[in-house]
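Examination of the molecular architecture
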Amino acid sequence: MCTRINLRLPLCDAAIVPTSTVQAQLAAEETALLNKPPQNHRLVEIAGFGSNPGTLKAWLFLPSIMAPDAPLVVALHGCTQTAEGYATGSGWSQLAERRGFAVLYPEQQRSNNANLCFNWFEPGDIRRDAGEALSIRQMIGHLVQSQGIDPKRIFVTGLSAGGAMANVMLSTYPDIFAGGAIISGLPYGVAGTVAEAFERMQGRNPPTVSRLQSVLKSASNHKGLWPSISIWHGTHDQTVRPGNADQIVKQWSGVHGLATEPTRSELIHGHTRKLWLDAKGRQVVEAYSVKGMAHGVPLATSSDVPIGRAGPHMLETGISSTVRIAHSWGLATVADVEEAEAAGSLVRREEPNSASSAIKKALRYARSRSNAAGTASDGGIAKVINDALRAAGLMR
């Protein structure tokens, strides 16, 4: 009997898998890896998606294999970032390639904001059918028509100003989104000037709960189900204070009819997750408090198969917000979460002498070498393959 792993290589009994076969499999895999361009190089700019009143750019990632009625994730970068940088760091394109969904990366322009921040506090940009919010809505509508996106599986996420803008989209177009994730972001409608924006970022003079909830309800005429919300914030965030996460919970608890206290609390890798269920038992709000994290996206880049890349505001925390958010939306599996967060776990779970374990170990080694080097300049593909086989105990 043979089983299959994510790399699509058949794994059979050790007695019937000669070393030459394993070498051939590894050679094919490594050739593909070394010749494949980085995921962010596959972003395609979309033009002519609408009137674009917010004068934003739109970049699209489509996976190699995408079924009809595929889901769409809208990913909004933070200040000083670009669509390409956010795609590389967050790992959304990487996960989309694996799971077959599309990712839209709206991009801010310096002509709109010198620091490349989405204007989450400008009244003209955060109303339904106006400014930057309408530009992003037009991008989504264009993709539903041109790419056959499933209109019932559209999600939005973002970091910092992008997280606040994600909240803008969820508040003004709740009929469009099935769910959203706000990372190190802010409540909707709490600032109208630059001075007020900085004040709210620092947690000063927050609005009352009734004000938070009324401004959300008045942002649209929505009467149906409201999108689910995932909130992520670092306990040591000095740029956007953690109190903003609590305010987002209070803001969305009103439309979902939630109790003040969470339905359940738990620790995940030392980080706190609080969960609220609505009256029908549906998971509608979750809030992660990431212990020790400053301002950024929580990632688990030290795992065997990392999603994303550590860098400025892309922070190693041992927990993958990208994969966990995708899982909460039904776009990733439990196995994806475990694989993304458990360093060395694949080796520990396998029998050490099994062919399956050995070949997986060889493939992980080969992948890590090619990813670290970027090319085969340190001796070519043959050397990477042979070193991988030795590391797996399949060759002396």
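Residues numbered from 1 in each chain as written. Predicted model: local features only at pLDDT ≥ 70, side-chain atom pairs only at ≥ 80, totals over all residues. Heavy atoms only, no water.

1. Looking at the overall build of the protein chain
Regarding its fold elements, the protein chain presents 13 helices and 14 strands. A buried classification covers 51% of the 396 residues belonging to the protein chain. Within the structure as shown, the protein chain displays about 17,300 Å² of accessible surface, and the carbon and sulfur contribution to it stands at 52%. (Helix = DSSP H or I, 4+ residues; strand = E, 2+ residues; numbered from the N terminus. Buried < 20%, exposed > 50% of the residue type's maximum accessible area, 1.4 Å probe, protein only. Areas by Shrake-Rupley, 256 points an atom, 1.4 Å probe, with all protein chains shown as cover.)

2. Focus on the environment of Ser 289
Within the secondary structure, Ser 289 sits in strand β12 (residues 283-290). Among the residues examined, Ser 289 registers a relative accessible area of 30% and is labelled partly exposed. Residues within four places of Ser 289 in sequence aside, it is in contact with His 233, Thr 235, His 271 and Thr 272. (Contact = heavy atoms within 4.5 Å.)

3. Section: the confidence of the model for the protein chain
Residues at a pLDDT of 70 or more form 76% of the protein chain, whose mean pLDDT is 84. Note that pLDDT drops below 50 for residues 344-358; the model gives that stretch 18 contacts with residues more than four away or on any other chain. In the predicted structure, residues 367-379 sits below a pLDDT of 50 and forms 15 contacts with residues beyond four places in sequence or in another chain. (pLDDT = per-residue confidence, 0-100.)

4. Notes on helix α9 (residues 321-328)
Among the eight residues that make up α9, six are buried, leaving the element largely enclosed by the rest of the structure. All buried positions along α9 are accounted for by Ser 321, Thr 322, Val 323, Arg 324, Ile 325 and Ala 326. At the C-terminal side of α9, Gly 330 shows a positive phi close to 80°.

5. Looking at unusual backbone geometry
Of note in this structure, Asp 69 is not a glycine but carries a positive phi near 60°. For Asp 69, the location among the structural elements is in the loop between β4 (57-61) and β5 (72-76). Given a relative accessible area of 46%, Asp 69 falls into the partly exposed group. The phi dihedral of Ser 184 falls on the positive side, at around 50°, and the residue is not glycine. Tracing the backbone shows Ser 184 in the loop between β8 (179-183) and α6 (194-201).

6. Points about the pattern of salt bridges
Evaluated as defined, the whole model comprises eleven salt bridges. We note a salt bridge from Glu 339 to Arg 98, for which the minimum N-O separation is 3.2 Å. Taken together, the residues Glu 339 in helix α10 (residues 334-341) and Arg 98 in helix α3 (residues 92-99) connect sequence positions 241 residues apart. Glu 339 gets classed as buried once you look at its relative accessible area, which sits at 14%. Using a relative accessible area of 28% as the deciding quantity, one classes Arg 98 as partly exposed. (Salt bridge = Lys/Arg side-chain N within 4 Å of Asp/Glu carboxyl O.)

7. Regarding the side chain of Gln 247
Inspection of the secondary structure puts Gln 247 in helix α8 (residues 243-256). Under the relative-accessibility criterion, Gln 247 is labelled buried at 10%.

8. Regarding the packing of aromatic side chains
Within the structure shown, the criterion is met by six aromatic pairs. For the pair Trp 92 and Trp 329, a centre-to-centre distance of 5.9 Å together with 15° between the ring planes defines the contact as stacked. Placement of the pair is Trp 92 in helix α3 and Trp 329 in the loop between α9 and α10, with a sequence separation of 237 residues. Between Trp 232 and Tyr 288 the ring centres are 3.7 Å apart and the planes differ by 10°, which places this aromatic pair in the stacked class. (Phe/Tyr/Trp six-rings, centres within 6.5 Å; stacked < 30°, edge-to-face > 60°.)

9. A few points about the nonpolar core
Counting residues in each nonpolar core, the largest one holds 59 residues, and the members touching the most others are Leu 72, Leu 104, Trp 120, Ile 140, Phe 177, Trp 252 and Val 285. Among the elements that make up this core, the one with the highest residue count is helix α5 (residues 161-172) (seven residues). Dropping the residues within four chain positions of it, Trp 120 is found in contact with Ile 126, Ala 161, Ala 164, Met 165, Val 168, Leu 186, Val 190, Ala 191, Ala 197 and Met 201. Of all hydrophobic cores here, the second largest spans 35 residues; its members include Ala 75, Leu 95, Phe 101 and Val 103. (Core = buried A, V, L, I, M, F, W, Y, C linked by side-chain atoms within 4.5 Å.)

10. Quick word on the pairing of strand β6 (residues 102-107)
Of all six residues making up β6, six are buried, and the element is well covered by its neighbours. Residues of β6 alternate between two faces, with Ala 102, Leu 104 and Pro 106 on one and Val 103, Tyr 105 and Glu 107 on the opposite face, all of them buried. Here β4 runs beside β6; their pairing, made up of five bridges, is antiparallel. Paired with Lys 57 across the bridge in β6 is Glu 107. One ladder, built from three bridges, connects β5 with β6; its direction is parallel. Considered in β6, the bridge of Val 74 is made with Leu 104. (Pairing = 2+ DSSP bridges.)

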